[in-house]
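# Notes for the structure review
What follows is each chain in one-letter form.
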Amino acid sequence: MNDRFKMDEAQPRLLDSTGQGIIGTEMDRPDGRLKVCGAAPYAAEFAADRMAHGVLVRATVSKGRVLALNDESIREMPGFLGLFHDGTMLRNSAQGMAGEAPVQPGLRVDYHGQSVAVVVAETFEQARDAAQQLAVRFEAAEEVEVDPETAEAIELDEDSSEQFGDLEAAMAEAVHTVDSVYTTPGHVSAAMEPHASLAEWHEGNLSLHGSYQMLRFNKKELADSLGVDADRVRILAPFVGGGFGSKLGIGAEAVAAAVAARELDRPVRVVMARQQVFDCVLRRTETRQRLRLAADEDGRLSGVGHEDRISQLPEESFGEPTATATHFMYGGKNRLYRKEIARIHRTPSGSVRAPGEAVGMLGLEGAMDELAEVCGIDPVELRLRNIPDTHPETGKPYSSRSLAECLKQGASQFGWENRPAAGSRREGQWYIGCGVASAARSNSLVRADARVTLSADGAIVETDLTDIGTGSYAILTQIAAEMLGLPASKVTTRLGDTDLPGASGSGGSFGAGSTGSAVFLAAKKIRARLAEKLGCDVDSLTLKDGVARGGNVEKPLRDLCVEPICEEAGITAGKLGDDYEQASFGAHFAEVAVHADSGEVRVRRMLGVFAAGRILNVKTARSQCIGGMVWGIGSALMEELGHDPRTGHIITRDLANYHIASNADVPLIDVHFIEERDDQSNPIQSKAIGELSISGAGAAVVNAIYNACGVRIRAFPATPDKVV
Ligand code: MOS
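Everything numeric here is computed off the predicted structure, so don't read it as measured data. The written sequence of each chain sets the order in which its residues are numbered from 1. Local features in a predicted model are, by the rule used here, given only for residues with pLDDT of at least 70; side-chain atom pairs are given and counted only at 80 or more, and totals for whole chains, interfaces and linings are based on all residues.

## With respect to the overall build of the protein chain
Counting its secondary structure elements, the protein chain contains 17 helices and 28 strands. Compactness check: the protein chain gives a C-alpha radius of gyration of 26 Å against a globular reference of 27 Å for 724 residues, within 12% of the reference. Each principal axis of the C-alpha distribution contributes one length, and for the protein chain these read about 80 × 70 × 50 Å. Exposed residues have 12 or fewer other C-beta atoms within 10 Å of their own C-beta, buried residues have 20 or more, and partly exposed residues fall in between, where C-beta atoms are placed from the backbone. The proportion of buried residues among the 724 residues of the protein chain is 59%. For the purpose of contact definition, each residue receives a C-beta atom placed from its backbone, and two residues are in contact when these atoms lie within 7 Å. Sequence separation of at least 24 residues holds for 82% of the intrachain contacts in the protein chain that already meet a minimum separation of 6. Only DSSP runs of H or I with at least four residues qualify as helices, and only runs of E with at least two residues qualify as strands; both kinds are numbered from the N terminus onward. Throughout, the radius of gyration refers to the C-alpha atoms, and the reference size of a globule is 2.2 Å times the residue count to the power 0.38.

## With respect to the environment of Glu316
Along the chain, Glu316 turns up in the loop between β15 (301–312) and α8 (324–328). When the 20 C-beta atoms within 10 Å are taken as the criterion, Glu316 is described as buried. Residues Glu316 and Pro102, spaced 214 residues apart in sequence, show a C-alpha to C-alpha distance of 9.1 Å.

## Some points on the sheet that holds strand β27 (residues 601–611)
Each pair of strands is called paired provided DSSP finds at least two bridges between the two strands. Sheet architecture is open: 5 strands sit in the order β17-β18-β26-β27-β28, paired in mixed fashion. Of all the strands in the sheet, just β17 (426–427) and β28 (669–673) have a single pairing partner and so form its edges. Pairing between β17 and strand β18 (residues 430–442): 2 bridges, direction antiparallel. In the strand pairing of β18, Glu427 is matched with Trp430. Strand contacts of helix α11 (residues 403–414): β18, β26 (583–595), β27 and β28, with the helix running at about 140° to β27, the strand carrying the most contacts. Note on definitions: angles span 0 to 180 degrees between N-to-C directions of axes, and those axes are lines fitted to C-alpha atoms, for helices only across the stretch in contact.

## What to know about the sheet that holds strand β6 (residues 136–140)
Pairing within the open sheet is antiparallel, and its 3 strands lie in the order β4-β2-β6. What marks the edges here is a single partner per strand, and that holds for β4 (108–109) and β6. In this structure, strand β2 (residues 64–69) lies alongside β4, joined through 2 bridges in antiparallel fashion. Each residue of the ladder has a partner; that of Arg65, found in β4, is Arg108.

## A word on unusual backbone geometry
At the junction of Phe716 and Pro717, the peptide bond is cis and its omega measures out at -5° in the coordinates. Note that Pro717 resides in the loop between α16 (697–709) and α17 (720–723). The phi dihedral of Ala190 falls on the positive side, at around 45°, and the residue is not glycine. Classification of Ala190 by C-beta neighbours within 10 Å gives buried; the count is 20.

## Digging into the pairing of strand β13 (residues 268–271)
Here β13 shows two buried faces, one formed by Val268 and Val270 and the other by Arg269 and Val271. The pairing of strand β1 (residues 52–58) with β13 spans 3 bridges and is classified as parallel. Bridging across to β13, His53 finds its partner in Arg269. In this structure, strand β10 (residues 196–202) lies alongside β13, joined through 4 bridges in antiparallel fashion. Bridged to Ala199 within β13 is Val268.

## What about the environment of Arg622?
When you line up the elements, Arg622 lands in helix α15 (residues 618–637). Taking C-alpha positions, Arg622 is 9.4 Å from Glu26, a pair spaced 596 residues apart along the chain.

## Observations regarding the domain arrangement of the protein chain
Reported domain spans reflect what an automatic or database domain assignment gives. Split by domain assignment, the protein chain resolves into domain 1 (7–38 + 445–571), domain 2 (43–143 + 195–276) and domain 3 (390–443 + 580–723). Residue composition of the side of domain 2 that touches domain 3, grouped by class: 1 nonpolar, 4 polar and 1 charged. Only Asp, Glu, Lys and Arg are considered charged, only Ala, Val, Leu, Ile, Met, Phe, Trp, Tyr, Cys and Pro nonpolar, and every remaining residue, Gly among them, polar.

## Digging into the nonpolar core
By definition, a nonpolar core groups buried Ala, Val, Leu, Ile, Met, Phe, Trp, Tyr and Cys residues that connect through C-beta atoms lying within 7 Å of each other. Residues Ala480, Val519, Val701 and Ile705 are the most contacted members of the largest nonpolar core, which totals 136 residues. Per-element tally for this core: the top contributor is helix α13 (residues 511–534), with 11 residues. When residues of this core are sorted by domain, at least three fall in each of domain 1 (7–38 + 445–571) and domain 3 (390–443 + 580–723). Those residues in contact with Ala480, other than ones at most four positions away along the chain, are Val452, Ala459, Val461, Val491, Val519 and Ala523. Counting residues in hydrophobic clusters, the runner-up holds 72 residues, among them Ala199, Phe239, Phe244 and Leu641.

## Focus: the environment of Arg335
Along the chain, the position of Arg335 falls in strand β16 (residues 334–343). Residues Arg335 and His306, 29 residues apart in the sequence, show an inter-C-alpha distance of 8.2 Å.

## Focus: the packing of helix α5 (residues 215–226) against helix α6 (residues 252–264)
Closest axis-to-axis distance for the α5/α6 pair is 10 Å, and the angle between their directions is 50°. Judged by the inter-axis angle, α5 sits oblique to α6. Like other packed secondary-structure pairs, α5 and α6 cross with a definite hand, here right-handed. Packed against α5, whose contacting residues are Leu222, Ser225 and Leu226, the element α6 presents Ala254, Val255 and Ala258 at the interface. Geometric relationships in this document are graded by angle, where less than 35 degrees denotes roughly parallel, more than 145 denotes roughly antiparallel, 65 to 115 denotes roughly perpendicular, and other angles denote oblique. Crossing handedness is defined as follows: a turn of the near helix away from the far one that is anticlockwise and smaller than a right angle gives a left-handed crossing, while the clockwise case is right-handed.

## Looking at helix α3 (residues 124–133)
Buried residues of α3: Gln126, Ala127, Ala130 and Ala131, and no others. The buried residues of α3 occupy an angular sector of 130° when projected down its axis, which confines them to one face. In α3, the exposed positions angled more than 90 degrees off the buried face are occupied by Gln132 and Gln133. Buried positions along α3 lie against β1, β3 (80–84) and β5 (115–121). To obtain the arc, one takes the directions from the helix axis to the C-beta atoms.

## A closer look at the confidence of the model for the protein chain
The pLDDT value expresses, per residue, how confident the predictor is, ranging between 0 and 100. Scored by pLDDT, the protein chain comes out at a mean of 95, with 97% of its residues at no less than 70. At the level of chain-chain contacts, confidence expressed as ipTM amounts to 0.97, with global pTM at 0.96.

## Quick word on the packing of helix α12 (residues 472–484) against α13
Two numbers describe how α12 lies on α13: the axes approach to 9 Å, and their chain directions differ by 25°. Classified by the angle their axes make, α12 and α13 are roughly parallel. Helix-helix and strand crossings are classified by hand; for α12 and α13 the assignment is right-handed. On the side of α12, the interface is formed by Ser472, Ile475, Leu476, Ile479, Ala480, Met483 and Leu484, while α13 contributes Gly511, Ala512, Thr515, Gly516, Val519, Phe520, Ala523, Lys524, Ile526 and Arg527. By residue class, the composition of the contact of α12 with α13 is 11 nonpolar, 4 polar and 2 charged.

Here's what the structure looks like:
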């Protein structure tokens, strides 16, 4: 049905020459007003006639199995409708884009808090009460490993372990070296909207209102979990209150709602409580990272080593790709990577915003700061000196890379040259210091399809992409408006419904580039149809202010589409841009104050400069960047998942105990973009932005702590006890 995109057909600069001035601007979100008025419905706000309510029942042992699970203890409770455990399907997927059911442990328990059943009743309160009263008998394993530091089940991840040259020799010969261990704690996504699903069956077809990021894949995962054909499943997620990875894969609440609704033959809604989200969705693994850097007299790297240990449940395939950025950031011939996975019984670890770079760059960029110190070279200058010409391992060129420009412009805007000598600036009880770190996030493209229909009333964009708070509604509207010569108010974008053409989904920072390209290509086909109708060459066609011009002809656009023109287009990753290394880059600068007596750290200002190809909407892009930098402050200073050492159960399982950066912790954050056009990334020349700005941000903060008071933080987060 769709023509697949080939780069030579791209007319890469078309968006620069359409001349509407809509693309890239600070257009408000079309969905913004609905959201702030409470008129945008989230998953738990949908209701249905005769709807029943389900509450998940979870395991209270860390490893073992369910011995007895029946409704005897709750059968007579008011409103009780049923207990469903099917025994196969109530575990969250740790994997996004799997397209198949999550690991199905049956009645086996792999972690404390795992979902094992759902209790359904007439009201939510009745269901919750019954779930709490339900007597479940578990058999607990005698031995269970829950701590990655002491675990014996350590597996070498061969695919992520490799070497180039001889790092040991490089370390022995180097003039300057760093050999440090960095640790980062577990994190969670804690999206504002907890996971929720409403399932309704009609003649063997399931319709599910859920909160998911990757609908095209989620539909298949859900169908596979239920043992039905994917054609019989429709997922609707018009608004999603944040995901950050936690909604990449289908979850227990969706499968539970669907199973119960099928059995009861009535709609069932299952909403996770905040503590359930913490316990049984997924976490970002803690990491232990050994960073080794070898450099010559001038700070030029001759070797880089990044060895890490992460943790994951047995059987789960996702492994935090900690060293992703280390592969492509800096030069040095001798390189070593080694990855260990501790197979322990904690909540499955999965993707949390910028899996890989978000925590891996805390190690790398901290080690680079240490190297600057031992070399006596300014940390900005050290980074500039080590930007390689081509990828240090593959030898491929970078499709576009403005890292040096980001560092230089950031240094200038931040006033870096006034940075105090370490430990030299004090204001009363506060030490003041500044830090820098590079940012980077790899770029990718995922299959996406979209449909654009142009009629006399305007245009409609349709695709099952989600808007997880990122601005999908805005940027897709802008792309279509720009291409079709319409004001944005004449374009309606419909998202979040698997009955629409399948999109890339929102994940891995590829949503805007991938699905935006599909919309661009569909609109481009409409331009070709209009040129044909106008009788002009498509290259001479201009569409502006509702008028089509080409050759010597000119016509109102609406006269050309009395019959609506509908086109669908798709993009596949294929070999697109394969000859290039692709990533977005940036630079973070932070100024902190450290209290001399208490060790309290306050971030006083922060500045980020980013280069991510074409910026599709400056406002939503800036919001993304601010959000990532706020998260950087959180990972530097406070975010830390705590586990009960006996059971592995998460103990910081609400937002009172899991500390995130809140308004009082966040200073004014200054964000700037360096405009790029990346002709290799995709037809709209954009690159990854959603996860760029969390990557490296926390390192700038702890590097600033070192500059302020001489305390080097290698164990995140930098809580006062470690700083004082
Ligand atoms: Mo992202 S962690 O791929 O939503």
